[in-house]
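# Tertiary structure, described
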Number of protein chains: 2
Amino acid sequence: MAVNSPDRTRRSERSRTAILTATRELIAEVGYAKLTIEAIAARAGVGKQTIYRWWSSKGAVVFDSILALSEQTDGEVALPDTGDLAADLKTVLRATAAEFADPAFEAPIRALNMELIADPELAELYREKLEKPVTEAKKRRLRAAREAGQLAADTDLDLFLEFLYAPLTQRWLLRSGPLDDAFADALVDATLRAFP
Amino acid sequence: MAVNSPDRTRRSERSRTAILTATRELIAEVGYAKLTIEAIAARAGVGKQTIYRWWSSKGAVVFDSILALSEQTDGEVALPDTGDLAADLKTVLRATAAEFADPAFEAPIRALNMELIADPELAELYREKLEKPVTEAKKRRLRAAREAGQLAADTDLDLFLEFLYAPLTQRWLLRSGPLDDAFADALVDATLRAFP
């Protein structure tokens with residue numbers, strides 16, 4: 001049996017991509033609660049068994065469908081560095097707020113977050129695999145600011161990032177206010193005042 | 001038929017209380033995902049039909065089970081006011097962090113939050129019914145501080161509260177760090193620096 005023949009590998013890779021794409025599309029269309037393995041299989045043009053062979057649960061497919069997005073970006077993440085920390089953070093936060101205000105973008109991430117809130121091990125895996133490289137990129141920008149004397153030498157960068165992002169995450173998850181430029185700017189200004 | 005006889009009303013009230021208590025207990029024991037109407041009925045000593053007569057879904061029972069907790073506290077919520085805003089906020093934040101670090105307390109609220117994240121209408125209802133009185137109590141304390149000259153006259157109190165609480169909510173929901181006194185104090189100090 002030529003299990004690992006090039007054709008077979010290529011077909012598998014195509015199926016895998018189709019499944020992950022279908023998962024993200026369907027979450028955006030019907031929401032996580034109504035997402036079914038049947039619907040993913042139908043949309044991806046594969047059998048249900050193909051999905052169950054690779055993933056143990058709906059949550060696992062959703063997780064990988066998000067992970068695949070970040071693999072597409074490929075290579076190192078970097079924040080803008082014009083030398084003006086406030087301006088650079090506003091650029092990033094405005095873009096993030098706009099993404100989370102976009103239903104097609106936010107729906108799969110919302111579904112993933114519900115999985116993460118329910119499942120401590122998945123949350124740990126997520127932090128390790130997906131969040132850490134992004135957090136490191138953010139910290140590199142903050143360290144550059146520290147070296148330029150724009151942040152105190154003893155600034156707790158993890159706490160800084162929690163302050164900067166948590167209000168945005170909360171507004172988004174609970175839909176408790178607008179995710180606009182004014183909010184993004186207010187978060188940056190308040191965080192920079194909090195960590196002078 | 002004496003549908004509304006005092007005995008019948010009393011029995012209904014007893015069943016309702018038993019169902020809501022069973023719901024909170026079971027969420028803490030087995031988690032939201034594994035919570036079933038069957039198990040709630042068995043624990044409460046009522047028939048499944050009794051539950052379905054009053055609630056349309058598991059999420060609705062969970063919501064009411066949390067709402068019932070705040071009805072028990074009864075009367076107006078108030079924050080401590082010793083005249084020292086930082087000290088008072090630390091008292092409150094430390095207590096909140098300790099509550100969310102307690103599995104028996106946090107499990108039903110975690111389950112509720114997953115419902116709120118999934119369901120915008122429930123989130124709005126929650127804000128109106130449960131969160132608003134608490135938010136108002138917090139704002140009264142902040143207004144007193146403003147009048148005492150401890151906060152600027154133009155402080156955005158909603159944004160102040162988002163900054164103060166969102167990092168705690170995020171750490172709790174994603175289990176991304178310790179919920180201890182040091183964290184509570186750091187949140188208060190940073191928020192007061194951000195809103196001088």
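Residues numbered from 1 in each chain as written. Chains lettered and ligands numbered in written order. Predicted model: local features only at pLDDT ≥ 70, side-chain atom pairs only at ≥ 80, totals over all residues. Heavy atoms only, no water.

Turning next to the UniProt feature "DNA-binding region" (unreviewed entry) in chain A. The positions that UniProt labels "DNA-binding region" (unreviewed entry) are, in the present scheme, residues 36-55 of chain A. The annotated region residues 36-55 of chain A carries 75% helix and 0% strand content, and the separation between its end C-alpha atoms amounts to 13 Å. (UniProt positions renumbered as here; feature names shortened; annotations may be inferred. Helix = DSSP H or I, 4+ residues; strand = E, 2+ residues; numbered from the N terminus.)

It is possible for side chains bearing opposite charge to pair when their charged atoms get close. All names here are of chain A. Summed over all chains, the structure comprises 28 salt bridges over all chains. Note that Lys139 is salt-bridged to Asp158, the shortest N-O span being 2.9 Å. Here Lys139 is found in helix H7 (residues 120-147), whereas its partner Asp158 is found in helix H8 (residues 157-174), with 19 residues between them in sequence. Exposure remark for Lys139: the relative accessible area of 12% places this residue in the buried category. (Salt bridge = Lys/Arg side-chain N within 4 Å of Asp/Glu carboxyl O. Buried < 20%, exposed > 50% of the residue type's maximum accessible area, 1.4 Å probe, protein only.)

All names here are of chain A. One can read the domain layout of chain A as domain 1 (6-64) and domain 2 (75-194). Distance between the C-alpha centres of domain 1 and domain 2: 29 Å. Every contact between the two is made by 7 residues of domain 1 and, on the other side, 9 residues of domain 2. Summing the contributions of domain 1 and of domain 2, the shared interface buries around 760 Å²; its carbon and sulfur component is 84%. When residues of domain 1 are sorted by the area they lose upon contact with domain 2, Ile27, Tyr32 and Phe63 head the list and together hold 66% of the total. On inspection of domain 1 and its partner domain 2, the count reaches 0 salt bridges. Between domain 1 and domain 2 we count 0 residue pairs in polar contact (both at pLDDT 80 or more) in total. Among the elements of the structure, helix H1 (6-30) and helix H4 (58-73) are those that each provide at least two residues to the side of domain 1 that touches domain 2. (Domains from an automatic or database assignment. Contact = heavy atoms within 4.5 Å. Buried area = accessible area lost by both parts, 1.4 Å probe. Polar contact = N/O pair within 3.5 Å; in protein donor to acceptor, adjacent residues only side chain to side chain.)

So, about the confidence of the model for chain A. With 93% of its residues at a pLDDT of at least 70, chain A reaches an overall mean of 89. Confidence, read as mean pLDDT per element, is least for H4 of chain A in chain A (78) and greatest for helix H9 (residues 181-194) of chain A (97). (pLDDT = per-residue confidence, 0-100.)

Before going further, it helps to spend a moment on the environment of Gly45 of chain A. Residues and elements named next belong to chain A. By secondary structure assignment, the location of Gly45 is in the loop between helix H2 (37-44) and helix H3 (48-54). Gly45 sits in the exposed class, given a relative accessible area of 64%. Measuring from C-alpha to C-alpha, the distance between Gly45 and Ile19 comes to 8.3 Å, with 26 residues separating the pair along the chain.

Axis separation between helix H6 (residues 103-118) of chain A and helix H6 (residues 103-118) of chain B bottoms out at 10 Å; the angle between their running directions is 175°. Here H6 of chain A lies roughly antiparallel to H6 of chain B, going by the angle between them. Together, Arg110, Met114, Ile117 and Ala118 of chain A of H6 of chain A and Arg110, Met114, Ile117 and Ala118 of chain B of H6 of chain B make up the contact between the two elements. Looking at side-chain class alone, the contact of H6 of chain A with H6 of chain B contains 6 nonpolar, no polar and 2 charged residues. (Axes fitted to C-alpha atoms, helices over the stretch in contact; angles between N-to-C directions. Parallel < 35°, antiparallel > 145°, perpendicular 65-115°, else oblique. Nonpolar A, V, L, I, M, F, W, Y, C, P; charged D, E, K, R; others polar.)

So, on to the relation of the copies chain A and chain B. Think of it as a corkscrew move, a rotation about one axis and a shift along it, taking one chain copy to the other. You can overlay chain A on chain B at an RMSD of 0.0 Å; the transform is a turn of 180° with a shift of 0.0 Å along its axis. Here the two chains are linked by the operation of a two-fold rotation axis. Identified as the residue of chain A closest to the rotation axis by C-alpha distance is Ala194 of chain A, at 2.1 Å. (Least-squares fit on C-alpha atoms with pLDDT ≥ 70 in both.)

Turning to the interface of chain A and chain B, a few remarks are in order. If you look at the interface, chain A gives 32 residues, while chain B gives 32 residues. Taken together, both faces of the contact between chain A and chain B bury some 2800 Å²; the carbon and sulfur share is 65%. Sorting the residues of chain A by area buried against chain B places Ile117, Phe163 and Leu174 of chain A first, and these three jointly supply 24% of that buried surface. At the surface where chain A touches chain B, the tally comes to 2 salt bridges. Between Arg171 of chain A and Glu162 of chain B there is a salt bridge whose closest N-O contact spans 2.8 Å. Where the side of chain A that touches chain B is concerned, the elements lending two or more residues are H6, H7, H8 and H9 of chain A. With 11 residues, H8 of chain A is the single largest residue contributor to the side of chain A that touches chain B. For the side of chain A that touches chain B, the class distribution of residues is 20 nonpolar, 5 polar and 7 charged.

Below, the discussion takes up a positive patch on the surface. Taken together, the side chains of Arg8, Arg11, Arg14 and Arg53 of chain A present a region of like positive charge at the surface. You can see Arg11 of chain A is positioned in helix H1. (Patch = residues over 30% accessible without salt bridge, like charges linked within 9 Å, V, L, I, M, F, W, Y side chains within 5 Å. Areas by Shrake-Rupley, 256 points an atom, 1.4 Å probe, with all protein chains shown as cover. Lys, Arg positive; Asp, Glu negative; His and termini not counted. Charge placed at Lys NZ, Arg CZ, Asp CG, Glu CD.)

A few words on the packing of aromatic side chains. Per the stated rule, a full pass over the model turns up 13 aromatic pairs over all chains. Between Phe163 of chain A and Phe163 of chain B, the ring centres sit 5.7 Å apart and the planes meet at 25°, which makes this aromatic pair stacked. Remark: Phe163 of chain B occurs in helix H8 (residues 157-174) and Phe163 of chain A occurs in helix H8; the pair is interchain, linking two chains. The class of Phe163 of chain B is buried, set by a relative accessible area of 0%. Put simply, the rings of Phe160, Phe163 and Phe195 of chain A together with Phe160, Phe163 and Phe195 of chain B pair up and form one aromatic cluster. Geometry around Phe195 of chain B places Arg193 of chain A over its ring, the cationic atom sitting 5.7 Å from the centre. The cationic tip of Lys138 of chain B hangs over the ring face of Tyr165 of chain B; the distance from NZ or CZ to the ring centre is 3.7 Å. (Phe/Tyr/Trp six-rings, centres within 6.5 Å; stacked < 30°, edge-to-face > 60°. Lys NZ or Arg CZ within 6 Å of the ring centre and 35° of its normal.)

Helix H9 (residues 181-194) of chain B packs onto H8 of chain A with a crossing angle of 65° between their chain directions and a minimal axis gap of 12 Å. Our pair here, H8 of chain A against H9 of chain B, has a crossing hand that is right-handed. For the pair H8 of chain A and H9 of chain B, contact is made by Leu159, Glu162 and Phe163 of chain A and by Phe183, Ala186, Leu187, Ala190 and Thr191 of chain B, respectively. Residues that form the contact of H8 of chain A with H9 of chain B fall into these classes: 6 nonpolar, 1 polar and 1 charged. (Left-handed = near helix turned anticlockwise from the far one by under 90°.)

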